[in-house]
Amino acid sequence: MKRKKAGTRAADQVGTNGRGKKARGTAFDGHEGVSPIPPVPRFGHGSRVPGWDDAADLRKDPAVVPDAATTPVPADLRAEIEAHMAKYPDHRSASIPALAAAQRHHGWCSPEAVEQVACVMGLTPGYLFSVATFYDMLETHPVGRHSIFVCTNISCSLCGADDLLAAVLEAADGDPDLNIRSFECLGACDIAPMASVDGVYVGPVALDEVGTLVAQIKAGEPPLPAKQLGHRAVAEPLAAIPKGPTTYGGQMPEEAPGPPAPVEQQSPIPLQDEGQGEEGAT
Ligand code: FES
């Protein structure tokens, strides 16, 4: 009974385009010439996107900065976090790369990983969790080893991204090692429909290439080498350097090219007093 009601509602939505007019398109529910408008999938809290639905436990005491004496941090992770902190006048600016480093080390931003970052950075775990839960490439729940983000934003969508996502999910066959999800525009619309595989952009991906792509990912091989963005001819030589596969983009090189970011800049406009002085002198 409930199903029938839902179907009737869907048919009603489909029957009009919101202005009381019939929409034109393919057959749906047996009605020729009516566009299919599938119900929008929603999360438990009613939104189309995951949100802050893990409420804070207000009965707990506020977490403090972890004690270095009782919080062991792997030496290589500590060194990487400290290297990121050294790049910024305010070391909290290194929160995102530090969490990304912990994610690479632990597989996700687990409570233990966040504790370790907090210990090195002298911050509370709560501060870092507020960062980790805001940025959706920082995982706050365990995920598969390989991240496959299929872009389903407008350019990719127009080129068949929904079918591509469905094909990738089908080819993966529920493999828990693969973290597959749709993603908003990944900024490579010119190779639509595209996907990011452990930070490596591939596209345009044809449906008959999906089986090969998934098999390569499972085997730990480079995904569709001929379709990688990094292998395309570009005017800027540095842009064409392929990045190593990571769960969060490439690792920063020891020596980043270019001048260091200025901490404080002089205003190019002379102060009023100086300008008046110069005028008076002429
Ligand atoms: S819409 Fe897919 S990369 Fe921009």
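Residues numbered from 1 in each chain as written. Predicted model: local features only at pLDDT ≥ 70, side-chain atom pairs only at ≥ 80, totals over all residues. Heavy atoms only, no water.

**Student:** Hey, could you run me through the overall build of the protein in this one?
**Tutor:** For the protein, the count of helices and strands is nine helices and four strands. Of the regular secondary structure in the protein, the N- to C-terminal order runs α-α-α-α-α-β-α-α-β-β-β-α-α. Counting over 282 residues, the protein shows a buried share of 29%. Considering only contacts within the protein whose residues lie at least 6 apart along the sequence, 57% involve residues at least 24 apart. Accessible surface, the protein: about 18600 Å² in total, of which carbon and sulfur atoms supply 57%. (Helix = DSSP H or I, 4+ residues; strand = E, 2+ residues; numbered from the N terminus. Buried < 20%, exposed > 50% of the residue type's maximum accessible area, 1.4 Å probe, protein only. Contact = heavy atoms within 4.5 Å. Areas by Shrake-Rupley, 256 points an atom, 1.4 Å probe, with all protein chains shown as cover.)

**Student:** Can you walk me through the nonpolar core in this structure?
**Tutor:** The tendency in soluble globular proteins is for nonpolar side chains to be buried as a group. By size, the foremost hydrophobic cluster in this structure holds 23 residues, and its most contacted members are Ile81, Leu99, Val117, Met121 and Leu128. Per element, the largest residue contribution to this core is seven residues, and it comes from helix H4 (residues 111–121). Not counting residues within four places of it along the chain, the set of residues in contact with Leu128 comprises Ser95, Leu99, Val114, Val117, Ala118, Met121 and Leu123. Counting 18 residues, the second-largest nonpolar core is a separate cluster that includes Leu165, Val197, Val205 and Leu213. (Core = buried A, V, L, I, M, F, W, Y, C linked by side-chain atoms within 4.5 Å.)

**Student:** Whenever I open this one, helix H7 (residues 161–172) confuses me. Can you help?
**Tutor:** Residues lying three or four places apart along an α-helix face the same way, a consequence of the helix completing one turn every 3.6 residues. For H7, built from twelve residues, the straight-helix expectation of 16 Å at 1.5 Å per residue is met to within 8% by its first-to-last C-alpha distance of 16 Å. Those residues of H7 lying buried are Ala161, Leu164, Leu165, Ala167, Val168 and Ala172. The arc that holds every buried residue of H7, seen down its axis, measures 165°, which confines them to one face. Just downstream of H7, Asp173 is the residue with a positive phi angle, here 55°. (Expected span 1.5 Å × (residues − 1). Arc of directions from axis to C-beta.)

**Student:** I would appreciate a short explanation of the environment of Pro193 in the present structure.
**Tutor:** Tracing the sequence through the fold places Pro193 in the loop between strand S2 (178–183) and strand S3 (195–197). Sequence separation between Pro193 and Ile154 is 39 residues; the distance between their C-alpha atoms is 9.8 Å. For Pro193, the residues in contact, after removing those within four places along its chain, are Cys156, Cys159, Ala161, Leu164, Gly203, Pro204 and Val205.

**Student:** What am I meant to see in the pattern of salt bridges here?
**Tutor:** Side chains that differ in charge, positive against negative, can pair when their charged atoms come close. A complete count under the given rule lists eight salt bridges for this structure. Here Arg104 and Glu80 are joined by a salt bridge, their closest N and O atoms 2.6 Å apart. Taken together, the residues Arg104 in helix H3 (residues 95–106) and Glu80 in helix H2 (residues 75–85) connect sequence positions 24 residues apart. Taking the relative accessible area as the measure of exposure, Glu80 reaches 18% and is therefore buried. Ionic pairing is found between Asp90 and Arg92, a salt bridge with its closest N-O pair at 2.9 Å. A relative accessible area of 39% means that Arg92 is categorised as partly exposed. Each of Asp136, Glu139 and Arg181 takes part in a single network of salt bridges with overlapping partners. (Salt bridge = Lys/Arg side-chain N within 4 Å of Asp/Glu carboxyl O.)

**Student:** Whenever I open this one, the packing of H4 against helix H5 (residues 125–132) confuses me. Can you help?
**Tutor:** Working note: a packed helix pair is described by the angle between its axes plus the distance between those axes. At their nearest, the axes of H4 and H5 sit 9 Å apart, and the two run at 120° to each other. Judged by the angle between their axes, H4 and H5 are oblique. In this structure, H4 crosses over H5, and the sense of that crossing is right-handed. Listed contacts from H5 to Pro111, Val114, Glu115, Val117, Ala118 and Met121 of H4 are Pro125, Leu128 and Phe129. (Axes fitted to C-alpha atoms, helices over the stretch in contact; angles between N-to-C directions. Parallel < 35°, antiparallel > 145°, perpendicular 65-115°, else oblique. Left-handed = near helix turned anticlockwise from the far one by under 90°.)

**Student:** I would appreciate a short explanation of the pairing of strand S1 (residues 146–151) in the present structure.
**Tutor:** On a regular strand, each side chain points to the face opposite its neighbour's, so the side chains alternate between the two faces of the sheet. With six of six residues buried, S1 lies mostly within the body of the structure. Of the two faces of S1, the one lined by His146, Ile148 and Val150 and the one lined by Ser147, Phe149 and Cys151 are each fully buried. Where S1 lies against S2, six bridges are found, and the strand directions are parallel. Bridging across to S2, Cys151 finds its partner in Phe183. Two elements, S1 and S3, share three bridges in a ladder whose sense is antiparallel. Bridge pairing in S3 links Ile148 to Val197. (Pairing = 2+ DSSP bridges.)

**Student:** Explanation requested: the packing of aromatic side chains in the structure shown.
**Tutor:** Aromatic ring pairs are described here by two measures, namely the spacing of the ring centres and the angle between the planes. By the definition in use, this model includes two aromatic pairs. With centroids separated by 4.9 Å and ring planes inclined at 80°, the aromatic side chains of Phe134 and Tyr135 adopt a geometry described as edge-to-face. Relative to Phe183, the ring of Phe149 has its centre 4.7 Å away and its plane inclined at 20°; by these criteria the two rings are stacked. Taken together, the positions of Phe149 in strand S1 and Phe183 in strand S2 put the pair 34 residues apart, joining distant regions of the chain. Assessed through its relative accessible area of 11%, Phe183 is described here as buried. Lying across the ring of Phe149, Arg181 places its NZ or CZ 4.9 Å from the centre. (Phe/Tyr/Trp six-rings, centres within 6.5 Å; stacked < 30°, edge-to-face > 60°. Lys NZ or Arg CZ within 6 Å of the ring centre and 35° of its normal.)

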